[in-house]
Amino acid sequence: MNKYESIANEMRRRIKEGYYPIDQPIPDELSLAEEFGSSRMTMRKALDLLVSEGLLFRKRGHGTFIIQTYKNQTLNVISDESLGLSNLVKDKPVSSKIIQFTIGFPSEEVAGHLAIGTQEPVYHIIRLRMVDHEPYVMEETYMPSNLIPGITEDILNASIYNYIQQDLDLKVGGAHRTIMADKSNELDQMYLGCKKNDPILQVVQVGFLNNGVPFEYSFSRHRYDKFVFTSVSVKK
């Protein structure tokens, strides 16, 4: 095992066990390098590995932080670059119906998941996504407008993820997901054609760029008879 991998394993254990405060930056690279008896380059490589896994993110001028959603043990970490419905359903036409598109200040919950302050504006987007002209999923999404500038209705009617990766030239690194069952709500019944007591499969997701910075906090609500999730776990 390489030195940086050994350091990453120990840092991963510390993060999981709550060794570092969740609301404070972890020690800087120089301090950690001295503690682990490594070079700064080796320490940075170890931290880069944890950033790529979605455990840490770097905030310019503030330090390196633990991604708060990692503390929730119900989350799966994924690293599929082809996220977004348009990229997952490539063989069928995907269209959108915009239900809400506003910009405002986030709640403490939303700000916490996006690792921003409550005075930093975010998009609040609700879309019905259709596959082959059939209602497929209701998406409610929050994104920092300073990080992902220039979103328009034309982009919402196409693919946000393609815009982020192709137009803004940002690289999506992965996401934390929580998958849970719920009962249909009024919007589900209105737009997805659900009955009052139909179950819904809800996916709560925090998406990260490849530098670990959260760019998306979203809720996707799927009809129970329209979607199947497959998960593969790999031991590291």
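Anything mentioned here points back to the structure above.
Keep in mind that what you see is a predicted model, and the values were worked out from it rather than measured.

Rules used throughout
- Residues numbered from 1 in each chain as written.
- Predicted model: local features only at pLDDT ≥ 70, side-chain atom pairs only at ≥ 80, totals over all residues.
- Heavy atoms only, no water.
- Helix = DSSP H or I, 4+ residues; strand = E, 2+ residues; numbered from the N terminus.
- Axes fitted to C-alpha atoms, helices over the stretch in contact; angles between N-to-C directions.
- Parallel < 35°, antiparallel > 145°, perpendicular 65-115°, else oblique.
- Contact = heavy atoms within 4.5 Å.
- Nonpolar A, V, L, I, M, F, W, Y, C, P; charged D, E, K, R; others polar.
- Salt bridge = Lys/Arg side-chain N within 4 Å of Asp/Glu carboxyl O.
- Buried < 20%, exposed > 50% of the residue type's maximum accessible area, 1.4 Å probe, protein only.
- Core = buried A, V, L, I, M, F, W, Y, C linked by side-chain atoms within 4.5 Å.

Engineer: I tried to follow unusual backbone geometry on my own but got confused; where do I start?
Structural biologist: Most peptide bonds adopt trans geometry, and most residues besides glycine take a negative phi value. Its identity as a non-glycine residue notwithstanding, Ala-115 has a phi of 55°, on the positive side. With respect to the helices and strands, the residue Ala-115 is situated in the loop between α5 (108-114) and β5 (122-131). A positive phi angle, near 70°, is found at His-133, a position not held by glycine. Summarising the element assignment, His-133 is placed in the loop between β5 and β6 (134-144).

Engineer: So what exactly am I meant to see when it comes to the packing of helix α2 (residues 29-36) against helix α3 (residues 40-52) here?
Structural biologist: For any two helices packed against each other, the geometry comes down to the angle between their axes and how far apart the axes lie. At a minimum axis separation of 9 Å, α2 and α3 run at an interaxial angle of 105°. One finds that α2 runs roughly perpendicular with respect to α3. Packed against α2, whose contacting residues are Glu-29, Leu-30, Leu-32, Ala-33 and Phe-36, the element α3 presents Arg-40, Met-43, Arg-44 and Leu-47 at the interface. Across the contact of α2 with α3, the residue classes tally to 6 nonpolar, no polar and 3 charged.

Engineer: For this particular structure, what's the right way to read the pattern of salt bridges?
Structural biologist: It is possible for side chains of opposite charge to pair when their charged atoms get near one another. Counted under the stated rule, the structure contains 13 salt bridges. For Glu-10, the salt bridge goes to Arg-13, with nearest N and O atoms at 2.5 Å. Of this pair, Glu-10 and Arg-13 both sit in helix α1 (residues 3-16), 3 residues apart, which is roughly one turn of the helix. Between Glu-35 and Arg-14 there is a salt bridge, with its nearest N and O atoms 2.7 Å apart. On the criterion of sequence distance, the pair formed by Glu-35 in helix α2 and Arg-14 in helix α1 is long-range, its members being 21 residues apart. Here Glu-35 falls in the partly exposed class, since its relative accessible area comes to 45%. Judged by its relative accessible area of 8%, Arg-14 is buried.

Engineer: How do you make sense of the nonpolar core when you look at a structure like this?
Structural biologist: It is characteristic of soluble globular proteins that their nonpolar side chains tend to be buried jointly. Counting 18 residues, the largest nonpolar core has Met-11, Ile-26, Leu-32, Met-43, Leu-47, Leu-50 and Leu-56 as the members making the most contacts within it. Residue assignment for this core shows that the elements contributing at least two residues are α1, α2 and α3. Among residues more than four places away in sequence, those in contact with Met-43 are Ile-7, Met-11, Glu-29, Leu-32, Ala-33, Phe-36 and Ser-38. Ala-111, Tyr-142, Val-206 and Phe-208 belong to the second-largest nonpolar core, a separate cluster that totals 15 residues.

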